[in-house]
Amino acid sequence: MGKYILKRLGISVGILLVVMFIIYALLRSLPASYVETMAIQLSQAPGAKPYDVWVTQLNEQYGLNVGLVQGYFVQLKNLLTGNFGDSWKFAVPVTQKFSQVIGISFVMGAIALVLEILIAVPLGILAASKQYSRRDYAITAGALIGISLPTFFFATVLKLVFSVKLGWFDLFGLVGRDYPNLSPWGKFWDMAAHLVLPIITLVVVSVGSLMRHTRTNMLEVLQADYIRTARAKGLRNRRVILNHAFRNTLIPLVTIIGGSLPGLFAGALITETLFAIPGIGYTSYQAMVAGDIPFSMFYLTFLAALTLLGNLLSDILYAVVDPRVRLG
Amino acid sequence: MTRKEQMLLEKRRLAKKVPQSQYLTQMRDSRNALEIEELRTCFFTDAGVVQASDGVSFDVPMGKTVAVVGESGCGKSAMGLSVMQLLQRPQGQVVGGAIRLNLGDCAYDIAKTPENVMEKLRGKAVSMIFQEPMTALNPVMTIGKQLQEVLELHEKKRATKRHAIKLLDMVGIANGKGVYEMYPHNLSGGMRQRVMIAMALSCNPKLVIADEPTTALDVTVQAQILELLKSLKDKLGSAVLLITHDLGVVAEMADFVVVMYAGRVVEQGTVEEIFYQAAHPYTIGLMKSKPVVGRPVESLYTIGGKVPNPINMPDYCYFRDRCDTKTEDCDGQYPAQIQLSDTHIVSCYRAFPREDADGKHSGS
Ligand SMILES: Nc1ncnc2c1ncn2[C@@H]1O[C@H](COP(=O)(O)OP(=O)(O)O)[C@@H](O)[C@H]1O
Ligand code: SF4
Ligand SMILES: [Mg+2]
């Protein structure tokens, strides 16, 4: 087991280095160049140096005057030595900005994921255990509606109903107007109330696909020979499903859920923007549009590393739920 | 038969409070463990209705082994699953006929027994051994747990590990303690089939249905498993309904043989009658295609043609298009059954007395 994990880690590091190069190359070729934008601004000041001079000077300053490969190795060395640099756009260290905004995205994503699992798995199993029944049709149709709802539309409807019509929640923002004057508990509740609509949005638009996965897996498992054996023993339907089928459906579900864990750190770009939640999704979008290479590089590398780790983790979890998989 | 009728059948089977009078019945002969009468089993598919069993009738006497033989796809498994009420639902349904199971003090008509009563019969009064030992056991549950489950369900509320290990011992698994903790993937096919047999026989069922129990196994293992099945059946006094397409297995195990073709029984009789006095051209063909020591394999007989489409069967002998010995009579309606002896029944115009070919002499 230990040897297997080491080997997999080694492979993952190799993949990560390649992915980082691709990210760096892509960021370098973005049309939105931070340096050019800045050069234009600086050259427009009265009595300033001309644009070309500024570009050359800034390129040198920001380390963009070297080739792709050399630039990559400089970046790599910096990242490996823990020197993540300063964000160009936000003018603070990258890690500082990142740690400021990641928390809220993670909390939002984690709550949404837990809710999703709690809703999708039981409903998927219910639907599958009585295929083609009215219950199945209702659940499947619900899932489909959730999947096909565009985030911006659903968020807007939620806002219209709960903020504008009913006035239960604020339209956007993470905290209310008189947040600074609240007691610690008051602050907590204020923030929680502001997260209700974004989390509902996240759950509704993504719960459908997990539900459909669960249903499909369950249906497949219910066709298996060992399920027929379980019925041949005289077990009731309930026990067949809970004792025999459920654990077998967990195997593919673990992969899906394991694969979605890195997403917790990716943030939710659209939802965060719509509700003006200063999370990592919204921030990385701003950085990318501004051509902020250090921040984008750090964020994307971090995600790539997490994805690789997530895959490794779900393979190990696999071995936990499925005795046939013995990592050796 | 429409989808609506299919749903109606399904609903009736899932009904909760069905009076006993609806499904309790009398055996025709109390010495039989199972009586199947005019069984009709259908699969409602998108392409049409498949008549998997089309008026199947035969008996399984107590403590005896009845082999059901026939080519792949002729409806053997569907017939066996009908007796267990384990047809793939909701498309598979028993639509007519009677399946009487003798429990000694009473008899159930399984065709009319609702699901919640059927649960109590399965695994206890009637159990089944499946063809695929590789996939028939739950891959994520230990052997011990899977065995103990049946015992807990039907025998004792708290079945102990000792019981389960005793069962493993009974089916010739020496290292019972070790195997108890193992998962199916740790065992060979033969060992898994032994576990299946232990599971099927753990509650002393009146009837065991074995659907091609050795088809997926190596030849040497086949013989061991058959031997085990035979000795256990004699020990427990269970009747066996043995589904197979291997005539070697039939000769080894069976007391009676039922030959099926395209969902119907074309001939049935004792082993001797079927092996030495086969009357139906299909049975004769099966016998000829059986490999015999000393006969070169190249000349192995095969029956030409293939089984007709089971949707929309014609009303004439289903075997007609493949039959070497058909006469003009054979263009008539499906041949009725002729009783050649107390036990020997055949459906073929060749067996009709010459002067009375319209089937009025039919037995049964
Ligand atoms: N689940 C199913 N759905 C539809 N048709 C089926 C199903 N199972 C079996 N059949 C059909 O029923 C017929 C009998 O099949 P089966 O009983 O499995 O044959 P055998 O066991 O003799 O090989 C075949 O024509 C087959 O196509
Ligand atoms: S009834 Fe006629 S066609 Fe059918 S098996 Fe007998 S001889 Fe052949
Ligand atoms: Mg079969």
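Since the model is a prediction, treat every value here as computed from it, not as a measurement.

## Here we look at the interface of chain A and chain B
Thinking step 1. Contact residues are listed per partner, giving 22 residues for chain A and 25 residues for chain B.
Thinking step 2. The junction of chain A with chain B conceals about 2300 Å² of combined surface from both sides, 57% of it contributed by carbon and sulfur atoms.
Thinking step 3. When the area that chain A buries against chain B is broken down by residue, the three leading residues are Arg228(A), Ala232(A) and Lys233(A), summing to 27%.
Thinking step 4. Across the contact surface, chain A and chain B share 2 salt bridges.
Thinking step 5. A salt bridge links Arg236(A) to Glu119(B), with the shortest nitrogen-to-oxygen separation between them at 3.6 Å.
Thinking step 6. Our enumeration of links across chain A and chain B arrives at 12 residue pairs in polar contact (both at pLDDT 80 or more).
Thinking step 7. Sorting the residues of the side of chain A that touches chain B by element identifies helix H9 (225-232) and helix H10 (237-260) of chain A as the ones contributing at least two each.
Thinking step 8. Among the elements that take part in the side of chain A that touches chain B, H10(A) stands out by supplying 7 residues, more than any other.

## Overview of the site of ligand 2
Thinking step 1. Around ligand 2, the neighbouring residues are His280(B), Pro281(B), Cys317(B), Phe319(B), Arg320(B), Cys323(B), Thr325(B), Lys326(B), Cys330(B), Cys348(B), Tyr349(B) and Arg350(B).
Thinking step 2. Of the residues that constitute the shell around ligand 2, the class distribution is 7 nonpolar, 2 polar and 3 charged.

## As for the nonpolar core
Thinking step 1. Ranked by size, the top nonpolar core spans 77 residues in total, and within it Phe58(B), Leu207(B) and Leu241(B) carry the most contacts.
Thinking step 2. Looking at which element gives the most residues to this core, the answer is helix H7 (residues 189-201) of chain B, with 7 residues.
Thinking step 3. Not counting the four nearest positions on each side in its chain, Leu241(B) is found in contact with Leu34(B), Phe58(B), Val60(B), Val66(B), Val68(B), Met79(B), Leu207(B), Val208(B), Ile209(B) and Ala210(B).
Thinking step 4. Formed by 40 residues, the second largest nonpolar core is a distinct cluster that contains Met108(A), Leu149(A), Leu174(A) and Val240(A).

## Observations regarding the packing of aromatic side chains
Each aromatic ring pair is described using two quantities: the centre-to-centre distance and the angle formed by the ring planes.
Thinking step 1. Within this structure, the stated rule accounts for 22 aromatic pairs over all chains.
Thinking step 2. Ring geometry for Phe98(A) versus Phe298(A): centroids 5.1 Å apart, planes at 80 degrees, classification edge-to-face. With Phe98(A) in helix H5 (residues 94-129) and Phe298(A) in helix H14 (residues 293-321), this residue pair connects regions lying 200 residues apart in the sequence.
Thinking step 3. Among the residues examined, Phe98(A) registers a relative accessible area of 8% and is labelled buried.
Thinking step 4. Exposure remark for Phe298(A): the relative accessible area of 11% places this residue in the buried category.
Thinking step 5. Ring centres of Tyr261(B) and Phe319(B) lie 5.2 Å apart, and the angle between their planes is 85 degrees; this geometry places the pair in the edge-to-face category. With a gap of 58 residues between them, Tyr261(B) in strand S10 (residues 256-261) and Phe319(B) in the loop between helix H11 (281-288) and strand S12 (338-339) connect regions that are remote in the sequence. Across the pair, exposure class does not vary: Tyr261(B) and Phe319(B) are buried alike.
Thinking step 6. In textbook terms, an aromatic cluster arises when at least three aromatic residues are bridged by ring pairs, as seen for Phe84(A), Phe98(A), Phe106(A), Phe265(A), Phe298(A) and Phe302(A).
Thinking step 7. A cation sits over an aromatic face here: Arg264(B) above Tyr334(B), 3.8 Å from the ring centre.

## Description of the confidence of the model for chain B
Residues and elements named next belong to chain B.
Thinking step 1. For chain B, per-residue confidence averages 88 on the pLDDT scale, and residues scoring 70 or more make up 90% of the total.
Thinking step 2. Low pLDDT, under 50, characterises residues 359-364; the stretch is placed with 12 contacts to residues that sit more than four places away or in other chains.
Thinking step 3. Interface confidence in the predicted complex, given as ipTM, is 0.89; pTM for the same model is 0.81.

## Remarks on the pattern of salt bridges
Residue and element names in this part refer to chain B.
Thinking step 1. Throughout the structure, instances matching the rule amount to 22 salt bridges over all chains.
Thinking step 2. With a shortest N-O distance of 3.5 Å, Arg 89 and Glu 115 are connected by a salt bridge. Residue Arg 89 is located in the loop between helix H2 (76-84) and strand S5 (92-102), and its partner Glu 115 is located in helix H3 (residues 115-121); the two are separated by 26 residues in the primary sequence.
Thinking step 3. A residue is classified by how much of its surface remains accessible, and Glu 115, at 11% relative accessible area, is buried.
Thinking step 4. For the salt bridge of Asp 109 with Lys 112, the shortest nitrogen-to-oxygen distance reads 3.2 Å.
Thinking step 5. Taking the relative accessible area as the measure of exposure, Asp 109 reaches 6% and is therefore buried.
Thinking step 6. Shared partners join several salt bridges into a network, and the residues in it are Glu 10, Arg 13, Arg 89, Glu 115 and Arg 122.

## Describing the sheet that holds strand S1 (residues 24-25) of chain B
The pairing of strands in a sheet comes from backbone hydrogen bonds and takes either a parallel or an antiparallel form.
Residue and element names in this part refer to chain B.
Thinking step 1. The 5 strands lie next to each other as S1-S6-S5-S2-S3, forming an open sheet whose pairing is antiparallel. Of all strands in the sheet, those with a lone pairing partner are S1 and strand S3 (48-61), marking the two edges.
Thinking step 2. Running at roughly 35 degrees to S5, helix H1 (residues 3-14) makes contact with strand S2 (32-45) and S5 of the sheet.
Thinking step 3. Those strands touched by H2 are S2, S3 and S5, and its axis lies near 110 degrees from that of S2.

## A closer look at the pairing of strand S7 (residues 126-129) of chain B
Residues and elements named next belong to chain B.
Thinking step 1. Residues of S7 alternate between two faces, with Val 126 and Met 128 on one and Ser 127 and Ile 129 on the opposite face, all of them buried.
Thinking step 2. Summarising the sheet, S7 and strand S8 (residues 207-211) pair through 4 bridges and their orientation is parallel. Paired with Val 126 across the strands is Leu 207, a residue of S8.

## Let's talk about the site of ligand 1
Residue and element names in this part refer to chain B.
Thinking step 1. The environment of ligand 1 is formed by 14 residues, the closest being Gly 73, Lys 76, Ser 77, Ala 78 and Gln 88.
Thinking step 2. Here Cys 74 contributes a backbone N or O atom positioned 3.3 Å from an oxygen atom of ligand 1.
Thinking step 3. For ligand 1, whose unbound accessible area comes to 560 Å², protein coverage reaches 70%.
Thinking step 4. Contributing elements (two or more residues each) for the shell around ligand 1: S2, S3 and H2.
Thinking step 5. No other element matches the 3 residues that H2 contributes to the shell around ligand 1.

## Remarks on the side chain of Thr214(A)
Residues and elements named next belong to chain A.
Thinking step 1. Structurally, Thr 214 can be placed in helix H8 (residues 184-222).
Thinking step 2. Among the polar contacts listed, one links the side chain of Thr 214 to the backbone oxygen of Leu 210, at a separation of 2.7 Å.
Thinking step 3. Setting aside its immediate chain neighbours within four residues, Thr 214 contacts Ala 120, Val 121, Gly 124, Ile 125 and Leu 253.

## Considering helix H3 (residues 51-61) of chain A
Residues and elements named next belong to chain A.
Thinking step 1. By the burial criterion, the buried members of H3 are Trp 54, Val 55 and Leu 58. Buried positions in H3, seen along its axis, are confined to an arc of 100 degrees and lie on one side of it. When the buried face of H3 is taken as reference, the exposed residues oriented beyond 90 degrees from it are Asp 52 and Glu 60.
Thinking step 2. The secondary structure elements touched by the buried residues of H3 are helix H2 (34-43).

## Regarding the sheet that holds S12(B)
All names here are of chain B.
Thinking step 1. Spatially, S7-S8-S9-S4-S10-S11-S13-S12 is the arrangement adopted by the 8 strands of the open sheet, whose pairing is mixed. Edge positions in the sheet fall to S7 and S12, since each of these pairs with one other strand and no more.
Thinking step 2. As paired elements, strand S11 (residues 264-270) and strand S13 (residues 345-346) share 2 bridges and run antiparallel to each other. Counterpart to Gln 268 in the pairing with S13 is Ile 345.
Thinking step 3. Against the sheet, H7 touches S7 and S8, its axis set at about 175 degrees to S7.
Thinking step 4. Sitting on the sheet, H11 is in contact with strand S4 (65-69), S10 and S11, with an inclination near 110 degrees to S10.

Conventions adopted
Residues numbered from 1 in each chain as written. Chains lettered and ligands numbered in written order. Predicted model: local features only at pLDDT ≥ 70, side-chain atom pairs only at ≥ 80, totals over all residues. Heavy atoms only, no water. Contact = heavy atoms within 4.5 Å. Buried area = accessible area lost by both parts, 1.4 Å probe. Salt bridge = Lys/Arg side-chain N within 4 Å of Asp/Glu carboxyl O. Polar contact = N/O pair within 3.5 Å; in protein donor to acceptor, adjacent residues only side chain to side chain. Helix = DSSP H or I, 4+ residues; strand = E, 2+ residues; numbered from the N terminus. Near = heavy atom within 4 Å. Nonpolar A, V, L, I, M, F, W, Y, C, P; charged D, E, K, R; others polar. Core = buried A, V, L, I, M, F, W, Y, C linked by side-chain atoms within 4.5 Å. Buried < 20%, exposed > 50% of the residue type's maximum accessible area, 1.4 Å probe, protein only. Phe/Tyr/Trp six-rings, centres within 6.5 Å; stacked < 30°, edge-to-face > 60°. Lys NZ or Arg CZ within 6 Å of the ring centre and 35° of its normal. pLDDT = per-residue confidence, 0-100. Pairing = 2+ DSSP bridges. Axes fitted to C-alpha atoms, helices over the stretch in contact; angles between N-to-C directions. Areas by Shrake-Rupley, 256 points an atom, 1.4 Å probe, with all protein chains shown as cover. Arc of directions from axis to C-beta.

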